[in-house]
Structure formats: C-alpha cells, structure tokens
Amino acid sequence: MDETREQFLAGERPDDVLLYFDERAVDGMDRLAKVGESTDDGVVLVLDGEEGRTAFQRATGVDPMTLAQSAMGNEGEITDGCTGGNCPDAAEGGDHYARFVFAFAEAENEDVGGLYAEGDVVHAYAQCECGTTYSEKWVAEV
C-alpha cells in the first residue's frame, strides 16, 4: 500500500477522497494506473476532494453524492484498504464484486458522539456488479 493511501486511511488527509476502480468495471485502466496505485484487481487513487469527485463521475458516470445517498442504510463490508467489498446481496447468487469504491474521511467530532467521538471516521461507498450499492464507516486506523 502506498504512503498516500495509508495516510488517507489513517484520517490524515481529510480534504482528499479515495477512489477504487475494479479493472473489470472501467475502461482506460492503463491511464488510471499511471496516476494511481495498482492493486491485484484494479487501481486506487487518492485525490483532492473536488478533483476526485469529478474524476470519479467521469470514470463511472455516477455522481459520488448520488452513490452515497443510495448506499446509506444498506450496510455492506468494504475490504481493508478500500479495494473492494462484500455485497450484502451476494447470498442471492450471481457475479458479485465491487465495481468501484468512493471514500472520504471526516475529522473527529466529540460533539456528535458515537464513532465520531472515537476518532476520524472513514466513510466508504461501493457499487457491486449486480447493481447493489452499500456502505460502511469505521474509525480511521491510527
């Protein structure tokens, strides 16, 4: 894992977003690999928030805020490092892999309570190949 992604997952880059694209889901993977970190199944990019939201929408055709709204309330599991996930509908059969993941970190906020009082919180949203969107949030690694 590269240093930029480690910093993001530790909550040290709250102005950035993390994008993961599975190689089976996005055209132009070679171009993405030149600017991102290659993984076994795709590419991860950590970009400035606005630039990242624009890049995500261009690559997927999905507005990241629309993805977040559709995924909230449908808890799934985002893999360590934000490079995939486990679809909550996988038990129904079919092909299930996270086509893409969009994540951001939110600074610790004791006034809000819950997870936010424990530290910086990473919010991650994924869309499965089957079309299901899901999310997970956790206290950033320290």
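Reading the values: rules and limits
Residues numbered from 1 in each chain as written. Predicted model: local features only at pLDDT ≥ 70, side-chain atom pairs only at ≥ 80, totals over all residues. Heavy atoms only, no water. Core = buried A, V, L, I, M, F, W, Y, C linked by side-chain atoms within 4.5 Å. Buried < 20%, exposed > 50% of the residue type's maximum accessible area, 1.4 Å probe, protein only. Helix = DSSP H or I, 4+ residues; strand = E, 2+ residues; numbered from the N terminus. Contact = heavy atoms within 4.5 Å. Pairing = 2+ DSSP bridges. Axes fitted to C-alpha atoms, helices over the stretch in contact; angles between N-to-C directions. Phe/Tyr/Trp six-rings, centres within 6.5 Å; stacked < 30°, edge-to-face > 60°. Lys NZ or Arg CZ within 6 Å of the ring centre and 35° of its normal.

(A) Broad picture of the nonpolar core. Residues I78, C82 and V101 are the most contacted members of the largest nonpolar core, which totals 19 residues. Of all the secondary-structure elements, those providing two or more residues to this core are α1 (3-9), β1 (16-22), β3 (42-48), β6 (98-106), β7 (121-128) and β8 (133-139). Top element by residues in this core is β7. It accounts for four residues. Residue contacts for V101: discarding those within four places in its chain leaves L18, L19, Y20, F56, I78, C82, G84, A124, Y125 and A126. If you look at the next biggest cluster of nonpolar residues, it comprises 18 residues, including M29, L32, L45 and Y125.

(B) Region of the structure containing the side chain of Q127. Structurally, the position occupied by Q127 is in strand β7. Overall, Q127 belongs to the buried group, its relative accessible area being 16%.

(C) Layout of the sheet that holds β1. Read from one edge of the open sheet, six strands run β2-β3-β1-β6-β7-β8, paired in antiparallel fashion. Each having just a single partner strand, β2 (37-38) and β8 make up the two edges of the open sheet. With two bridges connecting them, β2 and β3 associate as antiparallel partners. Looking across to β3, one finds that E37 is bridged to V44. Strands in contact with helix α3 (residues 49-60) are β1, β3 and β6; relative to β1, the strand with the most contacts, it is inclined by about 20 degrees.

(D) Representation of the packing of aromatic side chains. With the rule as written, the count across this model stands at four aromatic pairs. Centre to centre, the rings of F104 and Y125 are 6.2 Å apart; their planes meet at 25 degrees, and the pair counts as stacked. Of this pair, F104 sits in strand β6 while Y125 sits in strand β7, and the two are 21 residues apart along the sequence. Its relative accessible area of 22% is what places F104 among the partly exposed residues. Ring pairs connect the aromatic residues F21, F56, F100 and F102, which therefore count as one cluster. Over the aromatic face of Y97 sits the side chain of R24, whose NZ or CZ is 3.6 Å from the ring centroid.

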